[in-house]
Every structure is written in C-alpha cells, then in structure tokens.
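Fold and contact review
Given next are the chains, with one letter for each unit.
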Amino acid sequence: MGAGMDPAEARRVYLDYNATTPPAPEVVQAVRDAMSQAWGNPSSSYPAGRKAKEHIGSARESVARMVGGRPEDIIFTSGGTEANNMVIHTACRHFHDSQATPGDSWGTPHIVTSSVEHDSVRLPLEQLVKEGLAEATFVPVSQRSGRAEVDDVLAAIRSTTCLVSIMLANNETGVIMPVMELSQRVHALNQRRVAEGLPRILVHTDAAQMIGKGRVDVQELGVDYLTIVGHKFYGPRIGALYVRGPGTTTPLHPMLFGGGQERSFRPGTENTPMIAGLGKAAELVSKNWETYKAHMQDVRDYLEAKLEASFGKQRIHHNSHFTGSKRLCNTSNFSILGPGLQGRRVLSCCKILLASVGAACHSEKGDRPSLILLSCGIPYDVAQNALRLSVGRDTTRTDVDLVVQDLMQAVAQLDQDQAL
C-alpha cells in the first residue's frame with residue numbers, strides 16, 4: 001500500500017508519485033507545530049510573530065541547502081505554476097528595461113523552450129504570443145534521445161531571445177535534459193552578445209520532477225532560475241523559486257504588489273505552516289536523496305523486468321527507454337500492445353493499481369494519446385496504450401507483484417471483450 005493512503009483504499013497500490021506525493025509524517029508534524037506555535041504575523045514583533053519569522057528563515061535555509069544555493073536566493077511562492085510564470089514575466093520585463101535608452105527598440109522579446117514542457121511554461125508563453133507580447137520557439141525533442149538537444153536549442157536563439165527555459169526532467173518519460181551543458185553554452189554566448197549590444201539570455205529550469213530523485217545543484221547546473229515544487233517531494237502544496245542573486249545578479253520582477261513580504265518580490269502575508277513544511281521536506285531530501293534514489297531505481301527496474309516476464313517482451317513497449325539518455329529513477333512509461341488496450345481502459349479495469357496515463361493536469365483528455373509521447377516519436381497506436389507508473393519512497397517489490405498481477409487480469413478481461 002502506498003504511504004498516506006486512506007484505510008478504505010488499503011488494498012490499492014498508488015503508483016502516481018510524479019503527479020503528487022503524500023506529505024511525509026515529519027512534514028505533517030512541522031506544519032502542525034507551526035500552526036499551533038507560530039501562528040503570529042511574521043512581520044510582528046511579539047513572540048508568536050518572531051517565532052513565525054524564525055520558522056520561515058529556517059525553512060529558507062533548508063530549501064537553499066537542498067539545491068546548493070544561498071538563503072537569499074530563495075523566494076517562496078504558491079507553487080510551481082506561479083514560479084514559472086514569474087520567470088517568464090521577469091524575462092519579458094527585463095528585455096524591455098535593458099534597452100539602453102527609452103527610444104531604443106529591440107522588438108518583441110523571444111523565448112526558447114522545448115516541446116515537452118509542463119503546461120505552466122507552455123500556456124503562459126502561448127498566451128503572450130497570442131497577445132503579441134512575446135514570440136516563442138518550442139524546440140522539438142530528439143526522437144532518438146527524447147531530449148531537447150543543446151545544439152537544437154541554441155539554433156533557435158535569435159537576437160531578441162531573452163530566456164531559455166528547459167525542464168530538468170520530463171514528468172511523463174522521466175528523461176533528464178542536458179541543462180548543465182545548455183547553461184554553459186548560453187553563458188559563453190552571452191559574453192559575445194553583451195559586446196554586440198544584444199540582450200542577455202536568462203536560463204531557467206523547472207526542477208519539479210528531479211528534486212528528491214536525483215542530484216540538484218544550482219552551482220553545477222549554472223542556471224539563473226530554478227523552480228521548486230513541494231508536493232513532488234513529500235512536502236506541502238507550495239513552491240519556491242531559486243534566483244541567482246534576485247534583483248542584483250539576476251533580474252526578478254514581482255507579479256503582485258502589496259505588503260512587501262519576500263523583499264517585495266512576492267508580497268502577501270507568508271503561509272508560515274506550509275513554508276515550515278517545505279523546509280522539513282527539503283531537509284529530508286538533503287539528508288536522504290541518495291537512499292531514496294537507490295531504492296526507487298531498484299523497485300522501478302524490478303517493475304519493468306516483471307512486466308516483460310509476465311506479458312512477454314514482445315507485448316511491452318517501453319516509451320521512456322532512449323539511447324544515451326538518463327531518466328528519473330522512479331519513472332516507467334510503457335504500453336501493453338494490442339487492440340482495445342488504451343491506457344485509460346486498462347486502468348479502469350484495474351482493481352489494485354492507482355496510476356495515470358500521463359500528466360495529471362491533462363487527465364480529462366479522453367483517449368487522445370499524450371502529445372509528449374507523440375513528440376518523442378512514439379507511434380500513435382502505441383502512445384494510446386501508454387501507462388505512466390511512478391514509484392515512491394515506500395513502494396516495495398511486493399507492491400509491484402500485486403500491480404503486475406492486477407494489470408494481467410485487466411488485460412485478460414479486455415482481450416476477452418475484444419474477442420466477443
């Protein structure tokens with residue numbers, strides 16, 4: 001049984017940890033403690049207010065440590081969506097502000113991203129394009145590697161480019177993107193651009209899926225911005241944005257205006273309990289991520305071997321195995337081949353497995369296959385049958401045995417229906 005499951009679902013096995021994770025018991029405790037002991041306004045000087053301020057400061061240090069940054073580089077947000085929108089908003093604003101004199105015009109800001117980004121990057125860009133406020137290039141991923149290749153991203157850069165935003169790891173395939181190499185190349189390019197009087201290109205990565213499953217170090221990655229999403233690593237449903245020297249080294253423009261909290265970058269009375277919970281979740285990651293990663297990889301590899309052994313290698317198509325690409329330790333995207341075995345239909349016949357066919361945000365899209373899988377070169381009929389299983393810190397091999405057995409009975413039932 002997955003951690004944090006309702007007793008009524010005790011016989012279910014949750015394998016959708018890329019969609020969300022249950023808060024760790026230590027996180028729940030930290031939230032509860034902050035709610036009861038640090039309920040004061042952090043801007044106030046009386047004890048409960050000072051206590052709240054201490055909780056926030058301590059959490060900021062923990063989140064910074066988790067990603068290798070400094071506490072002053074962390075801005076708390078409502079979640080990943082806000083953090084991603086804030087980066088895009090900042091890049092466009094900075095593009096216009098950087099023009100030498102008010103009369104100058106570089107034209108319209110241009111942003112480069114990949115064709116497999118989360119909606120919280122793709123949709124704000126599409127909206128800006130629709131309003132004529134920005135131009136955007138969605139670089140297709142390589143069908144050989146499943147990655148947004150560095151050379152392809154660089155080839156999309158124009159004189160008006162102000163931001164490159166590439167996710168650290170894809171939520172559906174688990175493929176890890178070459179962000180470190182991309183940052184190095186963009187930084188070298190920026191030195192030449194400054195000499196030519198062209199706008200600086202800022203580099204952003206959405207690390208929602210990578211944190212807690214692999215090494216995330218902003219110094220190593222060399223990015224200007226990195227998005228942090230609490231509920232993907234057993235924390236609460238808030239987030240944070242890492243900014244390399246906000247407002248000094250790296251621009252950051254607020255989208256909201258108010259009481260001046262978060263150094264006016266993100267005003268609004270701080271959500272102390274959730275911030276405390278995020279800090280605790282970050283502590284757990286800093287201390288244990290290598291153990292988490294080894295465990296999840298072992299269980300995921302066992303799952304894929306068990307699927308092949310049970311259904312036969314010919315009947316399982318791995319949608320996230322790409323030559324030369326690394327992927328998240330916990331993610332398995334596969335299709336069980338055969339007519340009438342669309343992912344959604346298979347899941348509806350499962351009695352034990354709780355999972356999804358792809359990103360939870362798109363779960364209302366019927367039997368249409370994932371655009372991400374199609375853009376990775378997975379054939380339409382194979383992509384239609386896709387299931388994305390993502391294991392967690394507490395998933396066991398016994399859970400996997402139950403799930404594979406469940407999938408076998410679901411497929412047998414659908415095969416029988418198909419034969420009628």
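As a reminder, the structure under discussion sits directly above these lines.
This one's a predicted model, so the numbers in the text were calculated from it and none came from an experiment.

Rules used throughout
- Within each chain, residue numbers correspond to sequence positions counted from 1 in written order.
- Side-chain atom pairs in this predicted model are given and counted only at pLDDT of 80 or more, local residue features only at pLDDT of at least 70, and totals for whole chains, interfaces and linings cover all residues.
- Note that the side-chain values use all heavy atoms of the structure and ignore hydrogens as well as water.
- Counting from the N terminus, the helices are the DSSP runs of H or I reaching at least four residues and the strands are the DSSP runs of E reaching at least two.
- Values of the radius of gyration come from C-alpha atoms, whereas the globule rule sets the reference at 2.2 Å times the count of residues to the power 0.38.
- Burial classes: relative accessible area under 20% of the type maximum marks a residue as buried, over 50% as exposed, and values in between as partly exposed (1.4 Å probe, protein chains only).
- We call two residues in contact when some of their heavy atoms are within 4.5 Å.
- Here Asp and Glu are counted as negative and Lys and Arg as positive; His is not counted, and neither are the chain ends.
- By convention, the charge on Lys lies at NZ, on Arg at CZ, on Asp at CG and on Glu at CD.
- Pairing between strands is defined by DSSP: at least two bridges between them are needed.
- Axes here mean lines fitted to C-alpha atoms, for a helix over just the part in contact, with angles spanning 0 to 180 degrees between N-to-C directions.
- Here a cavity denotes grid points, spaced 1 Å and computed from the protein atoms alone, that fit a 1.4 Å probe unable to get out, and a pocket denotes an open set having protein on both sides within 12 Å along at least 5 of 7 lines; residues with an atom within 4 Å of a point are the lining.
- Grid points are joined across faces, edges and corners, and a volume is the space filled by probe spheres set on the points.
- Amino acids are sorted into nonpolar (Ala, Val, Leu, Ile, Met, Phe, Trp, Tyr, Cys and Pro), charged (Asp, Glu, Lys and Arg) and polar (every other residue, Gly among them).
- Put simply, angles under 35 degrees are roughly parallel, angles over 145 are roughly antiparallel, angles from 65 to 115 are roughly perpendicular, and the rest are oblique.
- Two helices crossing with the near one rotated counterclockwise from the far one by less than a right angle form a left-handed crossing, whereas a clockwise rotation gives a right-handed crossing.
- The disulfide criterion is simple: two cysteine sulfur atoms within 2.5 Å.
- The span expected for a helix works out to 1.5 Å for each residue beyond the first.

When helices and strands are tallied, the protein shows twelve helices and twelve strands. A compact globule built from 420 residues would reach a C-alpha radius of gyration of about 22 Å, and the protein, at 22 Å, matches this within 12%. Principal axes of the C-alpha set define a box for the protein whose edges measure 75 × 55 × 35 Å. With 420 residues in all, the protein has 56% of them scored as buried. Relative to all contacts within the protein whose residues are 6 or more apart in sequence, the contacts with residues 24 or more apart total 72%. Separation of charge centres in the protein, based on 43 positive and 44 negative side chains, amounts to 2 Å.

Here we have three strands laid out as an open sheet, ordered S9-S10-S12, and antiparallel in their pairing. In this open sheet, the two edge strands, each paired with only one partner strand, are strand S9 (316-318) and strand S12 (386-390). Looking at each pair of strands side by side, their axes are set apart by 35° on average, direction ignored. Pairing of S9 with strand S10 (residues 331-336) involves three bridges; the strand directions are antiparallel.

Next up on the list: unusual backbone geometry. Even without being a glycine, Tyr234 presents a positive backbone phi close to 65°. Positionally, Tyr234 belongs in the loop between strand S7 (225-229) and strand S8 (239-243). In this structure Tyr234 comes out as buried when scored by relative accessible area, which is 6%. Of note, the phi angle at Glu262 is positive, near 50°, even though the residue is not glycine.

Turning our attention to the sheet that holds strand S5 (residues 161-165). Pairing is mixed in the open sheet, where seven strands are placed in the order S2-S8-S7-S6-S5-S3-S4. Pairing within the sheet leaves two strands with one partner each, and these edge strands are strand S2 (74-77) and strand S4 (135-139). Averaged over all neighbouring strand pairs, the angle between strand axes comes to 20°, with direction disregarded. Bridging between strand S3 (residues 110-114) and S5 involves four bridges; their strand directions are parallel. For Ile111, the partnering residue across the bridge sits in S5 and is Leu163. Sitting on the sheet, helix H2 (residues 47-67) is in contact with S2, S7 and S8, with an inclination near 110° to S2.

Counting across every chain of the model gives one cavity of 30 Å³ or more. Roughly 70 Å³ of internal volume is contained in the largest cavity. Surrounding the largest cavity, 13 residues form its lining, Lys213, Lys232, Tyr234, Met296 and Arg393 being those nearest its centre. A per-class count over the lining of the largest cavity returns six nonpolar, four polar and three charged.

As for its placement among the helices and strands, Asn84 is situated in helix H3 (residues 80-97). Ignoring anything within four residues of it in the chain, the contact list for Asn84 reads Ser120, Val121, His204, Asp206 and Thr227.

Quick look at the packing of helix H1 (residues 25-37) against helix H8 (residues 272-311) now. How two helices pack is summed up by the angle between their axes together with the distance between the axes. At a closest axis distance of 8 Å, the pairing of H1 and H8 adopts a crossing angle of 150°. Of the possible angle classes, the one that applies to H1 and H8 is roughly antiparallel. Remark: the crossing between H1 and H8 carries right-handed chirality. Contacts between H1 and H8 involve Glu26, Val27, Ala30, Val31, Ala34 and Met35 on the former and, on the latter, Thr272, Pro273, Met274, Ala276, Gly277, Lys280, Ala281 and Leu284. Taken together, the residues that form the contact of H1 with H8 break down as ten nonpolar, two polar and two charged.

Turning to the side chain of Thr161, a few remarks are in order. Within the fold, Thr161 resides in strand S5. Under the relative-accessibility criterion, Thr161 is labelled buried at 0%. In this structure Thr161 touches His110, Val112, Ala156, Arg193, Pro199, Arg200 and Ile201, once residues within four positions along its chain are discounted.

The next thing to look at is the packing of H3 against helix H4 (residues 119-130). As a packed pair, H3 and H4 sit with axes 9 Å apart at the nearest point and diverge in direction by 40°. Judged by the inter-axis angle, H3 sits oblique to H4. Two packed elements cross with a definite hand, and for H3 against H4 that hand is right-handed. Residues Thr81, Asn84, Asn85, Ile88 and Cys92 of H3 form the contact with H4, whose own contacting residues are Ser120, Val121, Pro124, Leu125 and Leu128.

Among the five residues in S12, five count as buried, and that is most of the element. The two faces of S12 match: Ala386, Arg388 and Ser390 on one face and Leu387 and Leu389 on the other face are all buried. The pairing of S10 with S12 spans five bridges and is antiparallel. Bridged to Ser335 within S12 is Ala386.

To continue, consider the environment of Val175. As for its position among the elements, Val175 is in the loop between S5 and helix H6 (179-195). Expressed as a C-alpha distance, the spacing of Val175 and Ser325, which sit 150 residues apart in the sequence, is 6.6 Å. Setting aside anything within four residues of it in sequence, one finds Val175 in contact with Ser145, Gly146, Arg147, Leu168, Ala169, Asn170, Phe322, Ser325, Lys326 and Arg327.

A few words now on the state of the cysteines. One pass over the full model with this rule turns up zero disulfides. Not part of a disulfide, Cys349 finds its nearest cysteine sulfur in Cys350, a span of 7.3 Å. The exposure class assigned to Cys349 is buried, which follows from its relative accessible area of 12%.

A few words on H3. For H3, which comprises 18 residues, the first-to-last C-alpha distance of 25 Å matches the rise-based estimate of 26 Å (1.5 Å per residue) to within 8%. Those residues of H3 not exposed but buried are Gly80, Glu82, Ala83, Asn84, Met86, Val87, Ile88, Thr90, Ala91, Cys92 and Phe95.

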